[in-house]
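Per-entry structural report
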Amino acid sequence: MSGRLLRMVCTAAIAAGAVLAPAPGAAAAPVPDERPVAELLTDLQRLYREAEAATEAYNATEEKLRRQRAEVARIDGRLAKARLSLRDSRGAAGRLARQQYQGTSEIGPYVRLLLARDPEHALDQGQVLRQVSLRRAGTVRRLTGSERRAGELARRARTALDRRLALAERQKKDRDLVRERLDDVEELLASLTEEQLSQVAELEAAGVAEAQEELVASGALGGTGRPTREGAAALRYAVDQIGKPYEWGAEGPDAYDCSGLTSQAWGAAGRPVPRTSQEQWAELPRVPLTDLRPGDLVVYFPEATHVALYLGDGLVVQAPRPGARIKVSPLAANPVLGAVRPDPSGEPLRHYTPPRLPKDARTGPDEGAP
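Calculation criteria
- Throughout, a residue's number is its position along its own chain's written sequence, starting from 1.
- Two thresholds apply to this predicted model, a pLDDT of at least 70 for residue-level local features and 80 or more for giving and counting side-chain atom pairs, whereas whole-chain, interface and lining totals are computed over all residues.
- Just so you know, side-chain values use all the structure's heavy atoms and leave hydrogens and water out.
- Here the rule is simple: two strands pair whenever DSSP picks up at least two bridges between them.
- Strands are runs of DSSP state E lasting at least two residues, helices are runs of H or I lasting at least four, and both sets are numbered from the N terminus onward.
- Residue contacts are counted whenever heavy atoms from the two residues lie within 4.5 Å of one another.
- Here the axes come from fitting lines to C-alpha atoms, over the contacting stretch only for helices, and the angles between their N-to-C directions go from 0 to 180 degrees.
- Whenever Lys or Arg places a side-chain nitrogen within 4 Å of a carboxyl oxygen from Asp or Glu, that contact is recorded as a salt bridge.
- Type-normalised accessible area, obtained with a 1.4 Å probe on protein chains alone, sets the label of each residue: buried when under 20%, exposed when over 50%, and partly exposed for intermediate values.
- Aromatic rings from Phe, Tyr and Trp, with only the six-membered ring used for Trp, were paired whenever their centres fell within 6.5 Å, and each pair was classed as stacked if the ring planes differed by under 30 degrees, edge-to-face if by over 60, and tilted otherwise.
- For a lysine, the NZ atom is tested; for an arginine, the CZ atom; a charge sits over a ring if that atom is within 6 Å of the ring centre and within 35 degrees of the ring normal.
- Each angle receives one of four descriptions, namely roughly parallel if under 35 degrees, roughly antiparallel if over 145, roughly perpendicular if within 65 to 115, and oblique otherwise.
- By definition, turning the near helix anticlockwise from the far helix through less than a right angle yields a left-handed crossing, and turning it clockwise yields a right-handed one.
- Amino acid classes used here: Ala, Val, Leu, Ile, Met, Phe, Trp, Tyr, Cys and Pro are nonpolar; Asp, Glu, Lys and Arg are charged; the rest, including Gly, are polar.
- A residue's pLDDT is the confidence the predictor assigns to it, expressed on a 0 to 100 scale.
- Each nonpolar core is a collection of buried residues, namely Ala, Val, Leu, Ile, Met, Phe, Trp, Tyr and Cys, held together in the definition by side-chain atoms within 4.5 Å.

Focus: the sheet that holds strand β5 (residues 327–330)
The strand order across the open sheet built from six strands is β1-β6-β2-β3-β4-β5, with neighbouring strands paired in antiparallel fashion. Strand pairing shows two members of the sheet lacking a second neighbour, β1 (286–287) and β5, which therefore form its edges. Here strand β3 (residues 306–312) runs beside strand β4 (residues 315–318); their pairing, made up of three bridges, is antiparallel. Considered in β4, the bridge of Gly312 is made with Leu315. Across the sheet, helix α7 (residues 258–268) lies against β2 (297–300), β3 and β4, angled at about 50° from β3, the strand it touches most.

Right, here's the structure in full:
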């Protein structure tokens, strides 16, 4: 739900409450939350953070499920081929059995050699019989091997399917948890008046500005570097998405969550990165903030549950949270964990022109909404 829509809902609810008396036996209207604004902001930020953490858990499960589906399909394909091979081997073994049954009354090769009028001809027959015997042994080995492979692949297919079903069940639980957390956010927002919403937004903006000033003053923030060709392409992709809504689990093209935006941006640049913010933090090379260059990924919170693309000059492009839209924000909009670089070996461009930003890129349609 967007901040603008939430304000409209809250305003309408207040107006309606002023003129409508509750019907006998009807449930009482929610009591406005009278806690201090700072406490309300802390609760909102906690709920948003929990919702995004649940979203990234859902994304991680979805990625594992996607890989498991591919594994099941791959094993099923190999199993189908193994069963065809086993069928062929059983056919050959059946022909061998029939030949053996039909040849039980034949005189053995050594007896043939002893009784033969032409021993040399008998030796030639013996060679043929040995070749036949070798072929029969090969048929048996192929049958045994085919049965073993088919049995092993069938076992692996059952295990892979069980894992897929377990991941699907876990994904459902993750999805339910995200919805619960988002319901908590909406419930708290719906309890706030228009004035409280404005106060919370102002307090949050002041906190971000203070954190950004401290970060810049500390000298820990660089940002004068130039991106690589891939980094510039990833950043252009992200800038082109500004104004699109945040949606948990979304990877575009109409909506994104935080890691959906970063993974799609770098994928569009020709350098795929892991899907979730935790995987991006764990698997990509880390760089100090003093060495940041546009296109690097800035990761937030101790659990690495949020991520954004560095734009330069202390700014990032991010899909902030539910109810908001992709926008440009100060790098310190959230507690910074660190930064990672998808293309550590790439050569920075000699000449770089930053992408042109939309008019409302730094504010976004939902500015003023918590």
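Quick look at the pattern of salt bridges
Inspection of the entire model under this criterion finds nine salt bridges. The partner of Arg321 in a salt bridge is Glu204, and the shortest N-O contact between them spans 2.9 Å. Of this pair, Arg321 sits in the loop between β4 and β5 while Glu204 sits in helix α5 (residues 194–218), placing them 117 residues apart in sequence. The residues Arg321 and Glu204 share a single accessibility class, namely buried. Within the structure, one salt-bridge network assembled from shared partners comprises Glu251, Asp257 and Arg275.

Let's talk about α7
Most of α7 sits inside the fold, with eight of its eleven residues counted as buried. Among the residues of α7, those classed as buried are Cys258, Ser259, Gly260, Leu261, Thr262, Ser263, Ala265 and Trp266. A positive backbone phi angle near 90° is found at Gly270, which sits one or two residues after α7.

Some thoughts on the packing of aromatic side chains
For any pair of aromatic rings, the description consists of the separation of the ring centres together with the inter-plane angle of the planes. Under the counting rule described, the total for this entry stands at two aromatic pairs. Ring centres of Tyr58 and Trp248 lie 4.9 Å apart, and the angle between their planes is 80°; on these two criteria the pair is classed as edge-to-face. In this pair, Tyr58 is assigned in helix α2 (residues 37–102) and Trp248 in the loop between α6 (229–240) and α7, connecting sequence segments 190 residues apart. For the residue pair Tyr58 and Trp248, the accessibility class agrees, reading buried in each case. The interplanar angle of 90° and the centroid separation of 6.4 Å between the aromatic rings of Tyr237 and Tyr256 together place this pair among those described as edge-to-face. Taken as a pair, Tyr237 in helix α6 and Tyr256 in the loop between α6 and α7 lie far apart in primary sequence, 19 residues in all. Assessed through its relative accessible area of 0%, Tyr256 is described here as buried. When the ring centre of Trp281 is taken as reference, the NZ or CZ atom of Arg286 above it lies at 3.8 Å.

Observations regarding the pairing of β4
The side-chain alternation of β4 yields two buried faces, one formed by Leu315 and Val317 and the other by Val316 and Gln318. Hairpin remark: β3 followed by β4, antiparallel, with two residues in the connecting loop; positive phi at Asp313, about 55°. As judged from the four bridges shared by β4 and β5, these two strands associate in the antiparallel manner. Paired with Val316 across the strands is Ser329, a residue of β5.

Section: unusual backbone geometry
Of the consecutive residues Gly252 and Pro253, the connecting peptide bond is found in the cis state with omega at 0°. Following the sequence through the fold, Pro253 ends up in the loop between α6 and α7. In the Ramachandran plot, Asp313 falls in the positive-phi region, its phi being about 55° despite a non-glycine side chain. With respect to the secondary-structure elements, Asp313 resides in the loop between β3 and β4.

Looking at the packing of α6 against α7
Between α6 and α7, the shortest axis-to-axis distance is 8 Å and the interhelical angle comes to 130°. Between α6 and α7, the interaxial angle falls into the category oblique. The two elements α6 and α7 cross, and the hand of that crossing is right-handed. For the pair α6 and α7, the contacting residues are Glu230, Gly231, Ala234, Tyr237 and Ala238 in the first and Leu261, Gln264, Ala265, Trp266 and Ala268 in the second. Here the residues of the contact of α6 with α7 sort into seven nonpolar, two polar and one charged.

Section: the confidence of the model for the protein chain
On average, residues of the protein chain score 76 in pLDDT, and 69% of them are at 70 or above. Ignoring residues within four places in sequence, the model shows residues 1–29, a span with pLDDT below 50, making 23 contacts including any to other chains. Low confidence marks residues 364–370, where pLDDT is under 50. Its contacts with residues over four positions away, or in another chain, come to 27 contacts.

Thoughts on the nonpolar core
Soluble globular proteins tend to bury their nonpolar side chains together. Core analysis: the biggest nonpolar cluster contains 34 residues, and Leu261, Leu309 and Val317 have the highest contact counts within it. Broken down by secondary-structure element, the contributors of at least two residues to this core are α2, α4 (119–190), α6, α7, β2, β3 and β4. Not counting residues up to four positions away in its chain, the partners in contact with Leu261 are Ala238, Gln241, Tyr256, Leu309, Val317, Gln318, Ala319 and Ile326. If you look at the next biggest cluster of nonpolar residues, it comprises 14 residues, including Leu215, Tyr300, Val316 and Ala339.

Considerations on the side chain of Glu62
On the secondary structure map, Glu62 appears in helix α2. Note on Glu62: relative accessible area 19%, which makes it buried. If we skip the residues at most four places from it in the chain, Glu62 touches Arg69 and Gln171.

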